[in-house]
Amino acid sequence: MKLSKTLSALILSFILILGSFGTANAKRLTAAVADWTGGEITCQVAVSMLEEELGYKVKRVVFPSGTGLWEAIAAGEIDFACESWPSYAEADTVMMKGPLIYDGKTMFNYEGDGSVKLLGTSGIIGLSDYFIPRYAAESLGIKSWKDLNKHKDKFATIESGKRGRLIACPVAGWNCHDQKRLDLLGIDFQADELGTEAAAIAEAVAAYERKEPFLLYLWEPHWFFGAYDMVGVGLPDHKTCDSFTEANNWKDCGTAAWPATGWAKDYTFNYGNPETFAKAEHAKAAEFFTKMKFDNADQAVMLVEVKQKNRDLKEVVKEWKDANPDKWRSWIPN
Amino acid sequence: MSNLVETVSKTNQSKNIITYGVILLVFIVALVLSTQSEGPSKFPKVVTDEFKFTAWVNEGEDYLKKNYRWITKIIASYIKEGYYFLEDFFLEAPWLLVAALFFLPCLISGGLKLGLYSLFVVYFWGATGMWDESLQTVALMGLSVLLCVLFGTTLGILCSQSDRFDNFMKPVLDTMQVMPAFVYLFPALFFFGIGGAPAILATMIYAMPPIIRLTNTGIRQVSKETVESATSFGSSRLQLLFKIKLPMSLPSIMMGINQVIMMALALVVLACFIGAEGIGGQVWLAIRNLDVGWAMEGGLCILFMAIMFDRFSMSFSKQVDPLPSDVQKFYLLPQNWEKYQIARIIEKPLSFGSSIIDFVCIKITNLIAYVSELLISLFSKNNAIEIGEFISKRYYVIPSLIVLFLISFINSSIYEIGTFPSDWKLSIRQPIADAVKALTVHPGFIGFTKGLRAFVYLNLLHPLDVFLTHIPWWFTMAIFVAIGYFTVGLRFAFITALLLLFIGACGIWSQSMITLSSVLVSVFLCFALGVPLGIIASYNERFRNIQNVVLDAMQTLPYFCYLIPVLMFFGGGIVSAVLATVIYSIPPIIRLTSLGLTQVSGSYSEVSRSFGGTLLQTLNKVKFPLAIPSLVIGFNQTVIMAFAMQIVTPLIGGKGLGLEVFNGLARSDTGRGLAAGIGIVLLAIIIDRISLAWTKKQRIALGLEKN
């Protein structure tokens, strides 16, 4: 009996509320929140523009990046995601169609099936490499990755035993192939995948504070470089390897090409569901994405605010937006 | 006579020696084999190449997606509509209305204490800035509980009516309960989309078994005499079911609902991995940012919410004993504090206020009942009386509805109340973060954590990892099959062999050995810590009471909250993964140790003491042997929980099958994830069955159970 009481109470109150509500239906979009801080900031910049300038209501969904996210976007479950780095995306060549344009120049031409739409470059240009702290580079005399093997015992931890340790690309879905790279280049190190960016950085910070040598995978722009003095080990220049895909059972091209090389310069882009952005009601949002041009310097400043000063990300973005209207005014379609 | 005893003990002794000898021999052979092998043992390439389980699953998924996607899309869109409706309602309703929606039902069903507690919970959500997220979680959970109860009771009733259906459902329910939710969480994603809908459906799979089981047993347990007397009065089968059996099994069903709520909450939080909104997403973001304070706030929001729903649903199945009329009823403080003057002074105004409220409520309800009776009697006399009675009995519900209506009326036409006031914010984020930071730079503490980490890794985890992965697979398999044969029987040994062959053929042998070693090390540590705590608790009642409260709290917390404290002090890595597993799976072993020891009837230990046994001797020679069955049950539960935890530990650096599941998700490779998920389930099942069979043998040997 008591159950029926509460049920009737719930149902009745709902009817009451229905009567008292006339909810205005805002235009809705669903965005994926990136799983690294830089990406989160870029995303928040785009979302705040959509919400405050174009009258959208954006649902933010926490979803790990990787092929799964691309499929979710193709299926229309998520409308858009921000700041994809071409060398980390595996699905981009399969699912996107059309040119990647930065500053009016075509950087790459995608020839996929078009199930995901390239919305435009985000303005962030990324670079990834392996890094060691400057004190270690100087005291051990390490000039490039070729010198790493000589000092591998200095880089060892209890977990890696006799081999050195690389604090590797934290998320498998990013497709860094760190262990494969180390093996191909003959670096006797073990790639340690720690699961999250934060865990990897925490390890690096602890090691730096203790002034131990350590090898770290990292990308720019990142706040870590502002706080700690790091040097790249200069991996070989990027070269693609066509057979190194899952469909070909990851057949590598030897030491000459990816993944035995470093990463290419990444012109990052925003991407979304083609059907959503073909709709007339979202035309302005689509136009906004073609115009958006965020930049590395601004992101770097905000990264320091968020990660080092521990401030709320939304607040930091809001501050930037209020202080620099001239930077983003031109992105907003009339 | 004495001769006989001697020979029996002698044969027992020699049997023991042989058993230990065999175990030692097997171990030495394994050691030799593992040190001789070059790398980790691999299954023959011919088998793994031919057995393309992953590819088959992916093909099957593609086929289903192509041909049946439209059905799932329709189902998903219905659920989504329901969820969006609920979510929009919660997020846009004035905060006072939301607070009243939690407060009033809690007040009515659980009394003033629960009412005040619910207000605190709602305040905490708002104060920590997780108002929206908490309500999203509530909406998701509410909808899934509703659906679970709807389908679960129906299935439970079907089970109770047909033995054949019951037999069919039993293994299905077993699988539903053991299968890690992750395994079906992301196939659900590709059929039902992202966010609310797949989360709710996955929650239904996860949380429905208890209500099906409890409805079934509840109905089956209705006594034969009642059923017979009802049939002799000529009630039909349906009448018997709905008028007699179902009402009589309500307490059992209510208990089922309580369990469904707790399990649904745990899974809804986990569903953030497939894009469901809510506090889970916040905790995950916090873990990703290593922000302990933030994660802690999220964890506390969930914990408080869980306790509130637990107490709320419990209050339905609990009967309150009526007090004698001359005793003053206490509304807030425990009744047995009546002897204290202060307690009586505090309670006096409360009881006064409550009688006023009672009076007003009854009057208003009666008035409404009278008016509506009058109004309806214009149309039909009979109905009017019935409706009047119906209303006048609900003298708490009707006034509550009026309050709710008033709030929404005021909000829409007089004064907009809006969302939770931001001035009332209170954050414990910074203090916690500061405290943790202070602790993590403390040299003594760093020394301790580093030492522990090194000890666990070098002495336990690493050797066992190497040992298990390097033993040839056929040898490990033979050991498992032999244990299965000796403890359970031939049939189980055969099944074990098949299950292990499946794991090997999927090409995940070495990952599953890593998982096994993490679980074994975790369980070992659980024992090393849990048994002493259990012993202390069994001797000291005060310690036991405190410990029970802590354990209760631990068991209501969703399991990936355990990553937080570990992350905070030990950083990421495989050792941290083991430590998080230990924290999560230690409660049953503590509980069952103390239970087992306290249950050993007093007479045994008294006899032993009167023969001059010391405390230690009594414990060692009398109590422990008798408590073994209870300990083994604790072991069994701990193992299952440790396996379940393997799914989330990759978030802080765990390896093995759990990582495979994660990688499957990131690559949208369902087959790979599913194979790894099934691997975890199979390992758990094998160990579960073996330890259960062993308990049974022990109980029979002790004469506690008949063969």
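Numbers given to residues run from 1 along each chain, matching the order in which its sequence is written. All chains are assigned letters beginning at A, and all ligands numbers beginning at 1, according to the order in which they are written. Local features in a predicted model are, by the rule used here, given only for residues with pLDDT of at least 70; side-chain atom pairs are given and counted only at 80 or more, and totals for whole chains, interfaces and linings are based on all residues. To obtain the side-chain values, all non-hydrogen atoms of the structure were included, while hydrogens and water were left out.

Participant: Which parts of the structure should I look at to understand the overall build of chain B?
Facilitator: If you tally the helices and strands in chain B, you get 29 helices and 0 strands. If one aligns the C-alpha atoms of chain B with their principal axes, the spans along those axes are about 90 × 70 × 70 Å. Residue exposure (1.4 Å probe, protein chains only): buried if accessible area is under 20% of the type maximum, exposed if over 50%, otherwise partly exposed. When each of the 707 residues of chain B is scored for burial, the buried share is 50%. Sequence-distant contacts in chain B: of pairs separated by 6 or more residues, those separated by 24 or more amount to 78%. Split by element, the accessible area of chain B, about 35100 Å² in all, is 68% carbon and sulfur. Strands are runs of DSSP state E lasting at least 2 residues, helices are runs of H or I lasting at least 4, and numbering of each runs from the N terminus. We call two residues in contact when some of their heavy atoms are within 4.5 Å. With residues, only the protein chains shown are counted as cover, and all accessible areas are computed by Shrake-Rupley using a 1.4 Å probe.

Participant: How should the pattern of salt bridges be read in this particular structure?
Facilitator: Where charged atoms of side chains with opposite charge meet at close range, the side chains can pair. A side-chain nitrogen of Lys or Arg and a carboxyl oxygen of Asp or Glu constitute a salt bridge if their distance falls within 4 Å. Tallying each qualifying case throughout the model produces 30 salt bridges over all chains. In this structure, the salt-bridge partner of A:Arg134 is A:Asp229, at a minimum N-O distance of 2.8 Å. With A:Arg134 in helix α5 (residues 134-140) and A:Asp229 in the loop between α8 (224-227) and β10 (230-232), the pair connects residues that are 95 residues apart, well separated along the chain. Overall, A:Arg134 belongs to the partly exposed group, its relative accessible area being 34%. Between A:Lys327 and A:Asp298 there is a salt bridge, with its nearest N and O atoms 3.0 Å apart. Taken together, the residues span a long stretch of sequence, with A:Lys327 in helix α13 (residues 325-328) and A:Asp298 in helix α11 (residues 296-308) at a distance of 29 residues. Taken together, the shared-partner salt bridges in this structure form one network comprising A:Arg165, A:Asp192, A:Glu203, B:Arg453 and B:Lys655.

Participant: Could you clarify how one ought to interpret unusual backbone geometry in this entry?
Facilitator: Among all residues except glycine, the phi angle is most often negative; among peptide bonds, the trans geometry is most common. Residue and element names in this part refer to chain A. In this chain, glutamate 220 is followed by proline 221 through a cis amide linkage whose omega measures 0°. Tracing the chain through its elements places proline 221 in the loop between β9 (215-220) and α8. Note that the residue after tryptophan 258, namely proline 259, is joined by a cis bond; omega there is 5°. Along the chain, the position of proline 259 falls in the loop between β10 and β11 (266-272). One non-glycine residue with positive phi stands out, namely glutamate 83, at about 45°. As for its placement among the helices and strands, glutamate 83 is situated in strand β3 (residues 80-84). Residue class for glutamate 83 comes out buried when judged on its relative accessible area of 1%. The backbone phi angle of histidine 177 is positive, close to 55°, even though this residue is not glycine. Its location among the elements puts histidine 177 in the loop between β7 (164-167) and α6 (178-185).

Participant: I would appreciate a short explanation of the state of the cysteines in the present structure.
Facilitator: Throughout this description, disulfide means a covalent bond between two cysteine sulfur atoms. When two cysteine sulfur atoms are found within 2.5 Å, that pair is recorded as a disulfide. Tallied over the entire structure, the rule returns 2 disulfides over all chains. Note on cysteine connectivity: A:Cys169 is disulfide-linked to A:Cys176, with sulfurs 1.9 Å apart. Residue A:Cys169 shares its accessibility class with A:Cys176, and that shared class is buried. The disulfide that involves A:Cys241 links it to A:Cys253, with 1.9 Å between the sulfurs. Residues A:Cys241 and A:Cys253 are joined through a disulfide that is right-handed, its torsion about the S-S bond being 80°. You can see A:Cys241 sitting in the loop between β10 and β11 and its partner A:Cys253 sitting in the loop between β10 and β11, a full 12 residues away along the chain. Exposure remark for A:Cys241: the relative accessible area of 8% places this residue in the buried category. Take A:Cys253: its relative accessible area is 34%, and that puts it in the partly exposed class. Cysteine pairing for chain A (bonded cysteines numbered in sequence order): 1-2, 3-4. Here B:Cys106 stays unpaired: no disulfide links it, and the sulfur of B:Cys301, its closest cysteine neighbor, is 16 Å away.

Participant: Would you mind going over the domain arrangement of chain A with me for this structure?
Facilitator: A common way to report how large an interface is uses the accessible area buried once the components associate. Residues and elements named next belong to chain A. Domain start and stop positions are those given by an automatic or database domain assignment. For chain A, the domain assignment lists domain 1 (27-125 + 267-331) and domain 2 (127-256). Listed as interface residues are 16 residues of domain 1 and, on the opposing side, 17 residues of domain 2. When two parts are brought into contact, each loses some accessible area as probed by a 1.4 Å sphere; the total of that loss over both is the buried area. A combined buried area of about 1400 Å² lies between domain 1 and domain 2, and 56% of that area is made up of carbon and sulfur atoms. Together, Trp85, Tyr88 and Glu90 form the three largest contributors to the area buried by domain 1 at its contact with domain 2, with a combined 39%. Inspection of the domain 1/domain 2 interface yields 0 salt bridges. Under the rule applied, a polar contact is a pair of N or O atoms within 3.5 Å (in protein, one hydrogen donor and one hydrogen acceptor; residues adjacent in sequence only if both atoms are side-chain atoms). For the pair domain 1 and domain 2, the number of links is 4 residue pairs in polar contact (both at pLDDT 80 or more). Of all the secondary structure elements, the ones that give two or more residues to the side of domain 1 that touches domain 2 are β6 (117-133) and α11. Ranked by residues supplied to the side of domain 1 that touches domain 2, first place goes to α11 with 6 residues. Lys, Arg, Asp and Glu make up the charged group, whereas Ala, Val, Leu, Ile, Met, Phe, Trp, Tyr, Cys and Pro make up the nonpolar group; the residues left over, Gly among them, are polar. Looking at the side of domain 1 that touches domain 2 residue by residue, the classes come out as 7 nonpolar, 6 polar and 3 charged.

Participant: Honestly, the nonpolar core in this entry has me stumped. Any pointers?
Facilitator: Most often, soluble globular proteins keep nonpolar side chains buried together rather than apart. Here, nonpolar core refers to any group of buried Ala, Val, Leu, Ile, Met, Phe, Trp, Tyr and Cys residues whose side-chain atoms link them within 4.5 Å. Formed by 164 residues in total, the largest nonpolar core has its most connected members in A:Trp70, A:Tyr271, B:Phe102 and B:Trp125. The biggest single contributor to this core is helix α4 (residues 95-127) of chain B, with 15 residues. Each residue touching A:Trp70, except ones within four places of it in the same chain, is listed here: A:Ser84, A:Ala89, A:Ala91, A:Asp92, A:Met95, A:Met96, A:Val116, A:Phe269 and A:Tyr271. Among the nonpolar cores identified, the runner-up in size contains 84 residues, and A:Leu29, A:Phe155, A:Tyr208 and A:Leu218 belong to it.

Participant: Would you mind going over the environment of B:Ile700 with me for this structure?
Facilitator: Residues and elements named next belong to chain B. Counting through the fold element by element, isoleucine 700 comes out in helix α29 (residues 670-701). Residue isoleucine 700 is classed as partly exposed on the basis of its relative accessible area, which comes to 28%. Sequence separation between isoleucine 700 and cysteine 301 is 399 residues, and the spatial gap between their C-alpha atoms is 46 Å.

Participant: Just checking my understanding: could you explain the pairing of β9(A) for this structure?
Facilitator: Looking along a regular strand, one sees the side chains alternate between the two faces of the sheet. Residue and element names in this part refer to chain A. Judged by how many residues are buried, β9 sits mostly within the fold: 5 of 6 residues are covered. DSSP-based pairing: two strands are paired if at least 2 bridges between them are found. Of the strand pairs in this sheet, β6 and β9 are connected by 5 bridges, and their pairing is antiparallel. Counterpart to aspartate 129 in the pairing with β9 is leucine 218. Bridge count between β7 and β9: 2 bridges; the pairing is parallel.

Participant: Teacher, can you tell me more about the domain arrangement of chain B here?
Facilitator: Here the domain parsing of chain B yields domain 1 (68-317), domain 2 (335-395) and domain 3 (442-701). Between the C-alpha centres of domain 1 of chain B and domain 2 of chain B there is a distance of 31 Å.

Participant: What exactly am I supposed to notice about helix α24 (residues 574-585) of chain B here?
Facilitator: Structurally, the α-helix is built with 3.6 residues per turn, so residues lying three or four positions apart point the same way. All names here are of chain B. Multiplying 1.5 Å by the helix residue count minus one yields the expected span of that helix. Compared with the 16 Å implied by 1.5 Å per residue over 12 residues, the 17 Å span of α24 between its first and last C-alpha is a close match. Extensive coverage of α24 is indicated by the burial of 11 of its 12 residues. Within α24 the residues assigned to the buried category are Ile574, Val575, Ser576, Ala577, Val578, Leu579, Ala580, Thr581, Val582, Tyr584 and Ser585.

Participant: Would you explain the packing of aromatic side chains in this entry?
Facilitator: Between two aromatic rings, the relevant description is the distance of the centres plus the angle of the planes. In this analysis, rings of Phe, Tyr and Trp, with Trp reduced to its six-membered ring, are considered paired at centre separations within 6.5 Å, and the interplanar angle assigns stacked below 30 degrees, edge-to-face beyond 60, and tilted for intermediate values. Under the criterion given, the structure shown has 43 aromatic pairs over all chains. Taking 5.2 Å as the distance between ring centres and 65° as the angle between the ring planes, the aromatic pair formed by B:Phe120 and B:Phe304 counts as edge-to-face. Within this pair, whereas B:Phe120 is found in helix α4, its partner B:Phe304 is found in helix α13 (residues 292-317), the two being separated by 184 residues in sequence. Relative accessible area serves as the criterion here: at 37%, B:Phe120 is assigned to the partly exposed category. Owing to a relative accessible area of 16%, B:Phe304 belongs among the buried residues under this scheme. Lying over the aromatic face of A:Trp258, A:Arg181 brings its terminal NZ or CZ to 4.9 Å of the ring centre. Each ring is checked for a lysine NZ or an arginine CZ that lies within 6 Å of its centre and within 35 degrees of its normal; such an atom marks a charge sitting over the ring.

Participant: I tried to follow the interface of chain B and chain A on my own but got confused; where do I start?
Facilitator: The interface of chain B with chain A comprises 62 residues on the first partner and 58 residues on the second. Looking only at chain B, the three residues that lose the most surface to chain A are B:Ile194, B:Arg288 and B:Arg667, adding up to 15% of its buried area. The interface formed by chain B and chain A includes 6 salt bridges. Summed over the shared surface of chain B and chain A, the number is 4 residue pairs in polar contact (both at pLDDT 80 or more). Among the secondary structure elements, those contributing two or more residues to the side of chain B that touches chain A are α3 (53-92), α4, α7 (181-192), α12 (279-288), α13, α16 (397-414), α18 (443-470) and α28 (657-666) of chain B. Looking at the side of chain B that touches chain A, the element that brings in the most residues is α3(B), giving 11 residues. In the side of chain B that touches chain A, the residues fall into 35 nonpolar, 11 polar and 16 charged.

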